[in-house]
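Structural features, examined
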Amino acid sequence: MSETRALASYIVESDYDRLPSDVVAEARRAIVNYVGCALGGCREPAVDIALDAFAPFFGQATAGVLGREERMDPLHAALMNGISSHVHDYDDTTPGNYSHPTSPVASALFAYASANRVSGRDFMHAFILGFEAESRVANAVYPAHYDVGWHMTGTAGVFGAATAIGHLVGLDVQQMVWALGLAATQAAGLREMFGSMGKAFHPGRSAQNGYGAALLAAKGFTAGERGIEGPRGFAAVTAKTYDLTKITQGLGIDFDLRVNTYKPFPCGIVNHPTIDGCIQLHEAHQLATGSVRSVRLRVAPLVLDLCNQQNITVGLQGKFSVYHGAAVGLVCGKAGLGEYSDETVNDPEVKRVREGTTAVGDANLSEDQAHVEVELADGRSLSIFVAESLGNLKRPMSNAQLDVKFRDQAATVLPSAAVDRLLEQCWSIDMLDNVGEIVMGLEVI
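Per chain, residue numbering runs from 1 following the sequence as it is written. Restriction of local features to residues with pLDDT of at least 70 applies here, the model being predicted, together with a cutoff of 80 or more for giving and counting side-chain atom pairs; totals for whole chains, interfaces and linings are based on all residues. Side-chain descriptors were evaluated using all non-hydrogen atoms of the structure, hydrogens and water having been removed beforehand.

1. Considerations on the overall build of the protein
The helix and strand inventory of the protein stands at 22 helices and six strands. What you see for the protein is a C-alpha radius of gyration of 21 Å, in line with the 22 Å of a compact globule of 445 residues. C-alpha atoms of the protein, sized along the principal axes, occupy 70 × 50 × 40 Å. Taking all 445 residues of the protein together, 61% fall into the buried category. Residues count as neighbours in contact if any of their non-hydrogen atoms are within 4.5 Å of one another. Residue pairs in contact within the protein that sit at least 24 positions apart in sequence constitute 76% of those at least 6 positions apart. In the form shown here, the protein has an accessible surface area of approximately 16,700 Å², with 51% of it arising from carbon and sulfur atoms. Counted as positive: Lys and Arg. Counted as negative: Asp and Glu. His and the chain ends are not counted at all. To locate a charge, take atom NZ for lysine, CZ for arginine, CG for aspartate or CD for glutamate. When the 34 basic and 50 acidic side-chain charges of the protein are each reduced to a single mean position, those positions are 2 Å apart. Secondary structure elements follow DSSP: runs of H or I no shorter than four residues count as helices, runs of E no shorter than two count as strands, and numbering proceeds from the N terminus. Between the two quantities, the radius of gyration covers C-alpha atoms and the globule rule is 2.2 Å times the number of residues to the power 0.38. Any residue under 20% of the maximum accessible area for its type is buried, any over 50% is exposed, and the rest in between are partly exposed; the area is computed with a 1.4 Å probe on protein chains only. Shrake-Rupley sampling with a 1.4 Å probe provides the accessible areas, and residues are treated as covered by the protein chains on show and by no other component.

2. Regarding the packing of helix α6 (residues 120-141) against helix α9 (residues 157-168)
Each packed pair of helices is defined by two parameters, the angle between the axes and the distance between the axes. Remark: α6 packs on α9, axes separated minimally by 7 Å, with the N-to-C direction vectors making an angle of 150 degrees. Between α6 and α9, the angle is such that the two are roughly antiparallel. You can see that α6 and α9 cross each other, and the crossing is right-handed. Of the residues in α9, those touching α6 at D122, H125, A126, L129, G130, A133, E134 and V137 are G157, F159, G160, T163, A164, H167 and L168. In this classification, Asp, Glu, Lys and Arg are treated as charged, Ala, Val, Leu, Ile, Met, Phe, Trp, Tyr, Cys and Pro as nonpolar, and every other residue, Gly included, as polar. Tallied by class, residues from the contact of α6 with α9 come to seven nonpolar, six polar and two charged. Angles here are taken between N-to-C directions and fall from 0 to 180 degrees, while the axes themselves are lines fitted to C-alpha atoms, restricted in helices to the stretch in contact. Throughout this description, any angle smaller than 35 degrees is read as roughly parallel, any larger than 145 degrees as roughly antiparallel, any in the 65 to 115 degree range as roughly perpendicular, and the remainder as oblique. Crossings are classed by handedness, with left-handed meaning an anticlockwise turn of the near helix from the far one by less than a right angle and right-handed meaning a clockwise turn.

3. What about the packing of aromatic side chains?
Working definition: a ring pair exists when centres of Phe, Tyr or Trp rings (six-membered ring for Trp) sit within 6.5 Å. Plane angles under 30 degrees give stacked, over 60 give edge-to-face, the rest tilted. Across all of its chains, the model carries nine aromatic pairs by this definition. With centroids separated by 6.0 Å and ring planes inclined at 50 degrees, the aromatic side chains of Y142 and Y146 adopt a geometry described as tilted. Each member of the aromatic cluster is reached from another via a ring pair, and the members are Y34, F110 and F123. Of note, K199 hangs over the ring of F194, and the distance from its end group to the ring centre comes to 4.8 Å. Comment: the charge-over-ring label is applied if NZ (Lys) or CZ (Arg) is within 6 Å of the ring centre and within 35 degrees of the ring normal. For the cation-ring pair, K405 lies above Y90, with the distance from its terminal atom to the ring centre recorded as 4.1 Å.

4. Quick word on the side chain of D89
Here D89 shows up in the loop between α4 (74-86) and α5 (102-115). Polar contact is the term for a pair of N or O atoms within 3.5 Å; when the atoms are in protein, one must be able to donate a hydrogen and the other to accept it, and sequence-neighboring residues count only if both atoms are side-chain atoms. Polar side-chain contacts of D89 include one of 2.6 Å to the side chain of K199. Here D89 is in contact with H100, K199, K263, F265, P266, C267, G268, K319 and F320, once residues within four sequence places are set aside.

5. Quick look at the environment of L382
Topologically, L382 is positioned in strand β6 (residues 381-386). With 101 residues separating them along the chain, L382 and L281 place their C-alpha atoms 7.7 Å apart. Contacts of L382, omitting those with residues within four sequence positions, involve L281, H285, L287, V372, E373, V374 and L376.

6. A closer look at the packing of α9 against helix α11 (residues 197-218)
Viewed as axis vectors pointing N to C, α9 and α11 meet at an angle of 45 degrees, and their least axial separation amounts to 7 Å. As the angle between them shows, α9 and α11 are arranged oblique. For the pair α9 and α11, the sense of crossing is right-handed. Between α9 and α11, the contacting residues are G157, V158, A161, A162, I165 and G166 on the first element and S206, A207, N209, G210, Y211, A213 and A214 on the second.

7. A few points about the pairing of strand β3 (residues 292-299)
Pairs of strands are assigned from DSSP output, requiring at least two bridges between the strands. By the bridge criterion, seven bridges tie β3 to strand β5 (residues 370-376) in an arrangement that is antiparallel. Paired with V292 across the two strands is L376, which belongs to β5. For β3 and strand β4 (residues 357-361), the ladder comprises five bridges, and the chain directions are parallel. In the strand pairing of β4, V299 is matched with G361.

8. Thoughts on the pattern of salt bridges
Two side chains carrying opposite charge are able to pair once their charged atoms lie near each other. Here, a salt bridge means any Lys or Arg side-chain nitrogen found within 4 Å of an Asp or Glu carboxyl oxygen. A complete count under the given rule lists 21 salt bridges for this structure. Note that E225 is salt-bridged to R5, the shortest N-O span being 2.8 Å. Of this pair, E225 sits in the loop between α11 and α12 (234-238) while R5 sits in helix α1 (residues 3-13); the two residues are 220 residues apart in sequence, bridging distant segments of the chain. Its relative accessible area of 36% is what places E225 among the partly exposed residues. Judged by its relative accessible area of 25%, R5 is partly exposed. A salt bridge links E229 to R226; its shortest N-O distance comes to 3.5 Å. By relative accessible area, which is 46% here, R226 ends up partly exposed. Salt bridges linked by common partners bring R293, R296, E373 and E375 together as one network.

9. Notes on the sheet that holds β5
If you walk across this open sheet you meet the four strands as β4-β3-β5-β6, and the pairing is mixed. Each having just a single partner strand, β4 and β6 make up the two edges of the open sheet. Sheet twist, expressed as the average angle between the axes of neighbouring strands with direction ignored, equals 15 degrees. Strands in contact with helix α14 (residues 272-285) are β3, β5 and β6; relative to β6, the strand with the most contacts, it is inclined by about 135 degrees. Of the strands in this sheet, β3, β4 and β5 are in contact with helix α17 (residues 322-331), which crosses β4 at around 130 degrees.

10. Structural notes on the state of the cysteines
Disulfides are defined as cysteine sulfur pairs within 2.5 Å. Summed over the entire model, instances satisfying the criterion amount to zero disulfides. In this structure C37 is not part of a disulfide, and its nearest cysteine sulfur, from C426, lies 11 Å away. Assessed through its relative accessible area of 2%, C37 is described here as buried. The thiol sulfur of C42 is not disulfide-bonded, and the nearest other cysteine sulfur, from C37, lies at 12 Å.

11. With respect to helix α21 (residues 416-427)
Here the expected span of a helix is defined as 1.5 Å times the quantity of residues minus one. Relative to the 16 Å expected for 12 residues at 1.5 Å per residue, α21 spans 17 Å between its end C-alpha atoms, a close match to the ideal helical length. Every buried residue of α21 is accounted for by A418, V419, L422, L423, Q425 and C426. Buried residues in α21, looked at end-on, bunch into an arc of 160 degrees, giving them a common side. Exposed positions of α21 whose direction lies more than 90 degrees from the buried face are S416, A417 and E424. The directions considered for the arc are those from the helix axis to the C-beta atoms.

Below, the structure is given as structure tokens:
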């Protein structure tokens, strides 16, 4: 059996009652994190611009977007959810393939649930299947696919969205094969977009396209039978080397939700060890304005591949600048949403420290590690080695920390009572009779 058909068969035949309880629990954490990120980003200019640009083309207004009052068709709602949930680069990441797996899947699912009645149980089942399909396809082509410049969240995310919506609309195995094939032929997203609104477009478009792929397949719209593994399929065309066994091996036993991580800082995940170390130095030594003369970083080589932006002027660029991460950690003692604003990027003291920071790649360091050396104006030198950064698999964010992150973001658009109610709904989402209550409840606040 081909990998595409084997994956399709697993998706169609999956039994929610046989899912491990720890996987379901991790799925709840992913949803809490996602909804917070979607609310935190829902009023950003990228979302406003996208709504304005596409509003003339909206279909029947049956669906809603998390945190927005506008109504539109579900396909466009999926697009907007995807942009808002990723625009701050605060959503989850699987370090094994550097995908942001929840955004494409949940963005499509919440759009669907806002227009169709979906129980929490069915929503969670579809989400877990979509997450798994996306991450397994990503695993199969990583790292060659990523290294050449594809953005995994866009390219693999479309498979997750197609899987999740396909499960909800009841596709059979043949239809699911077609949905995966239609997803494969729409896989896109370039790393050249990092530092611009184009990056957040990737999970939005993959959510929208995957949703559409499932709807087409449900009506009998055919696709190639070997969209993933064929000689001119997704893997062969987009990766010089790949391992298709990673798609099917351990299906139903091993789940990538178990190796998912949540960001304590809204920026490229490989910056986190540097930021973590710089915040620790700030707190331990009570660094004052003007006290930092220069900073030297040793980081994993991938950091300089992904986050080497130096002459930056806007907040989005700061998310992909390890120099900016070091500067805000040392100057501000924190790295939240405000530290990645245009204002902070152009703050004179942050700019001065950023421009006095150098970085070299060290192949002996993992992507969860960093070495920071700081020279102070008074001649003292400080240093720290971060062996495991906050948020990684060995130092995961707790449920309580996810609550704080959720509240910080949701409070930007909702009153405190609504935040409390929404957080409770997200933690018990699999118990809801109708997940659409989450989106509809937000619309009337």
